[in-house]
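# Structural overview
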Amino acid sequence: MKYLNILSAGLLLLATACEKDIPKFSDPECLLNFYYGQDVTTEAVTDAMRAGSYSFRLNASEDQTIDTFWVEVRTMGTLSSENRPVQLEQIMLGGDTLNAEAGVHYVPFNAPEIMALSYVPANATSARIPVIVKRDPSLTTEGDVVLKMTFKDNGYFSSGYKEFSTYTLTISDRLTKPTMWETVGLDHYFGTYGQKKHELMIEWSGEAWDDTYIESLFTYVDYGSFGMWSAKDSNYLDYLSGWFAERLAEEEAVSGPVYEDDGKTKVDFTPLPYY
């Protein structure tokens, strides 16, 4: 969705909300969890599931400077007949991490156009919340930035399970590991992710190998108590794995070994085992 469309819709909703304030829903049992694209238990959820990425190079046109990344949330507790607002807040990370800066790398979570679209609809138990990312030149000169998010207690909701209370988004202007790569387990078809490998897959196949394309190769199967992603045609993915390996061998026969950007890790399409 284009940012201008979101802004127009957000301001319209905000104007409506000003005419009639949404009643406060203060049931202490109203909690929020992030949904990481698959149903897992608190014991089975991993850090990789809690993380995603957005790459302007991969997902946007050359002149596009702003876009929307959506995170899905699910509620716990009593339903409400009214829309209930959701507010995210940033968790600053230490060490060498380059934290995303509000207003520079993303639109602040308390901006009117964001707040107008950040809510759980009446009688619903889930919602998609926008994170509007910005293509600041620093993404090219200084590198990727990290935006770790959690829920801000706003009187309507507070955080649910600790294991589902954060989502970490990497914002970049280069090729990055698509969120769906981890979700569907592409390592088991094409080996460990690498940016050079990703670049070659795009070049050789003519496909974007972004979240949208990867998701088109899989289907989500809901088994009731849990769900999982399954390849629509595993034979085709196996064929692609072998085909990419052959193309790599042809490339290496002419130019020598192909390495990732670190100059040490050799590009390899050998699938990883499931155990």
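Remember, predicted model here, so these are calculated numbers, not experimental data. (Residues numbered from 1 in each chain as written. Predicted model: local features only at pLDDT ≥ 70, side-chain atom pairs only at ≥ 80, totals over all residues. Heavy atoms only, no water.)

### With respect to the pairing of strand β1 (residues 31–35)
With 5 of 5 residues buried, β1 is to be regarded as a mostly interior element. Along β1, one buried face is formed by Leu 31, Asn 33 and Tyr 35 and the opposite face, lined by Leu 32 and Phe 34, is buried too. Where β1 and strand β3 (residues 66–76) come together, 5 bridges link them in antiparallel fashion. Its bridge partner lying in β3, Leu 32 is registered against Thr 75. Relative to strand β9 (residues 158–159), β1 is paired through 2 bridges, and the arrangement is parallel. From the neighbouring strand, Leu 32 faces β9, where its bridge partner is Ser 159. (Buried < 20%, exposed > 50% of the residue type's maximum accessible area, 1.4 Å probe, protein only. Helix = DSSP H or I, 4+ residues; strand = E, 2+ residues; numbered from the N terminus. Pairing = 2+ DSSP bridges.)

### A word on the sheet that holds strand β7 (residues 126–134)
Pairing is mixed across the open sheet formed by 4 strands, whose spatial order is β7-β3-β1-β9. Each end of this open sheet is capped by a strand with a single partner; those strands are β7 and β9.

### A short note on the pattern of salt bridges
Enumeration according to the criterion identifies 9 salt bridges in this entry. The residue Asp 39 makes a salt bridge to Arg 74 at a minimum N-O spacing of 3.5 Å. Pair noted here: Asp 39 is in the loop between β1 and β2 (51–55) and Arg 74 is in strand β3, with a separation of 35 residues, a long-range link. Relative accessible area serves as the criterion here: at 32%, Arg 74 is assigned to the partly exposed category. A salt bridge links Glu 72 to Arg 74; its shortest N-O distance comes to 3.5 Å. Residues joined by salt bridges that share partners form a network here, namely Asp 39, Glu 72 and Arg 74. (Salt bridge = Lys/Arg side-chain N within 4 Å of Asp/Glu carboxyl O.)

### Considerations on the packing of helix α7 (residues 195–205) against helix α9 (residues 234–255)
Between α7 and α9, the shortest axis-to-axis distance is 11 Å and the interhelical angle comes to 100°. When the interaxial angle is binned, α7 and α9 end up roughly perpendicular. Seen from α7, the contacting residues are Leu 200, Met 201, Trp 204 and Ser 205; seen from α9, they are Trp 243, Phe 244, Arg 247, Leu 248 and Glu 251. Tallied by class, residues from the contact of α7 with α9 come to 6 nonpolar, 1 polar and 2 charged. (Axes fitted to C-alpha atoms, helices over the stretch in contact; angles between N-to-C directions. Parallel < 35°, antiparallel > 145°, perpendicular 65-115°, else oblique. Contact = heavy atoms within 4.5 Å. Nonpolar A, V, L, I, M, F, W, Y, C, P; charged D, E, K, R; others polar.)

### As for the sheet that holds strand β10 (residues 166–172)
Within the open sheet, the 4 strands sit side by side as β2-β10-β8-β5. Their pairing is mixed. Of all strands in the sheet, those bounded by a partner on one side alone are β2 and β5 (88–91). When the angles between neighbouring strand axes are averaged without regard to direction, this sheet yields 30°. Note that β5 and strand β8 (residues 145–151) share 4 bridges and pair antiparallel. Its bridge partner being in β8, Leu 88 is matched across the sheet by Phe 151.

### Side note on the environment of Ala 44
Residue position: Ala 44 is located in the loop between β1 and β2. Residue classification places Ala 44 among the partly exposed residues on the basis of a relative accessible area of 39%. Placed 119 residues apart in sequence, Ala 44 and Glu 163 show a C-alpha to C-alpha distance of 9.5 Å.

### Focus on the nonpolar core
Of all hydrophobic cores here, the largest spans 34 residues; its most connected members are Phe 34, Val 71, Leu 88, Val 131, Met 149, Leu 169 and Ile 171. Within the residue set of this core, elements represented by two or more residues are β1, β3, β7, β8 and β10. Once residues lying within four places of it in the same chain are set aside, the contact partners of Met 149 are Phe 34, Val 71, Leu 88, Glu 89, Ile 91, Phe 109, Val 131, Ser 165, Thr 166, Tyr 167 and Leu 169. Counting residues in hydrophobic clusters, the runner-up holds 26 residues, among them Met 201, Trp 229, Leu 248 and Val 258. (Core = buried A, V, L, I, M, F, W, Y, C linked by side-chain atoms within 4.5 Å.)

### Thoughts on the confidence of the model for the protein chain
When pLDDT is averaged across the protein chain, the result is 88; 89% of the residues are at 70 or more. When the criterion is pLDDT under 50, residues 1–27 qualifies, and its contacts beyond four places in sequence or with other chains add up to 37 contacts. (pLDDT = per-residue confidence, 0-100.)

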